[in-house]
Amino acid sequence: MSEPYTPSKGLVGVLKRKLTRLQARKPFDCAQERFLVSFSFDDFPHSAASTGAQILEQFGWKGTFYTSSALENTANHLGDLFNAKDISALVSNGHEIGCHTEHHIDCALNSPVVIEREVRRNQQRLRKLGAPTTRSFAYPYGEASAAAKELLGCHFTTLRGVKAGINRRHSDAHQLNAVPIEGTAEDTSLPFSYIKGLGTAPGWLIFYTHDVRETPSTWGCTPALFKSVCTAVHEAGFEVLPVGEAFDTLRPVEKAA
Ligand SMILES: [Zn+2]
């Protein structure tokens, strides 16, 4: 199996990413009294739809599954990717299907014309699989550009990145922060430190992962870790909603004319 693509980690890439975070923003206040958590899965692997969704359902919660439709019935470093039955089971159980481009492209390196075609075709393929129109988008690899943010902001209500953080007062709905759940319960404390952080003030904490397996990829986690993150969120008493629904609860109060 070939090595998975990873975006440049060089200084130019780092600086470009910093600049992009300041550009084409959609200012959004996520600190409106609520303590919100969303769980999301990217790409997404079959194990996310089976094991991941099942764990969420044990808590009575729904997740957001950011889908690249060209990955249907394929396999890669994340294990088997989703199939048509996964989509229909998720939809009938009330989970949200989000957009992740058709071919999992790096949006920082592709032109708006290509990105536009990718999201339209993804939408068409997802519709054929029985998914409702997607309104939540996650950047593959977390990679964005000002042009991509502007274009995608016309198609989706939220765009999610991979910069770790809690979305609070001055967040950007065109590049929401998100915290990874990766590895095993023994080797990570990151998700738990963010759960503790959310407890200090209202905000929106979005988690993301990929495969949920006993031997996960670098980008996935074990069922035990996923479950213990859910348990910690449950014990903290936070409200858990898919990304689209969480966004709806945070709509700004309408100002009097
Ligand atoms: Zn992805």
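Below is a short write-up of the structure.

It is worth spelling out a nonpolar patch on the surface at this point. On the surface, Leu11, Val14 and Leu15 cluster together into a nonpolar patch covering about 280 Å² of accessible area. Considering the arrangement of structural elements, one finds leucine 15 in helix α1 (residues 11-22). What makes leucine 15 partly exposed here is its relative accessible area of 48%.

On to the nonpolar core, then. Counting residues in each nonpolar core, the largest one holds 37 residues, and the members touching the most others are Val37, Phe39, Phe44, Leu205, Phe207, Phe226 and Val233. Grouped together as the second largest cluster of nonpolar side chains are 16 residues, Ala138, Trp204, Leu241 and Ala246 included.

This part is about the layout of surface pockets. Taken as a whole, the largest pocket encloses approximately 890 Å³ of empty space. Every residue lining the largest pocket is counted, 37 residues in all, and those nearest its centre are Thr6, Pro7, Tyr141, Gly142 and Trp219. Of all elements in the fold, only α1 and β2 (35-43) reach the threshold of two or more residues within the lining of the largest pocket. Considering each element in turn, the lining of the largest pocket owes the most residues, three residues, to α1.

Calculation criteria
- Residues numbered from 1 in each chain as written.
- Predicted model: local features only at pLDDT ≥ 70, side-chain atom pairs only at ≥ 80, totals over all residues.
- Heavy atoms only, no water.
- Patch = residues over 30% accessible without salt bridge, like charges linked within 9 Å, V, L, I, M, F, W, Y side chains within 5 Å.
- Areas by Shrake-Rupley, 256 points an atom, 1.4 Å probe, with all protein chains shown as cover.
- Salt bridge = Lys/Arg side-chain N within 4 Å of Asp/Glu carboxyl O.
- Helix = DSSP H or I, 4+ residues; strand = E, 2+ residues; numbered from the N terminus.
- Buried < 20%, exposed > 50% of the residue type's maximum accessible area, 1.4 Å probe, protein only.
- Core = buried A, V, L, I, M, F, W, Y, C linked by side-chain atoms within 4.5 Å.
- 1 Å grid on protein atoms, 1.4 Å probe; cavity = no way out; pocket = protein on both sides within 12 Å on 5 of 7 lines; lining within 4 Å.
- Points joined across faces, edges and corners; volume = space filled by probe spheres on them.

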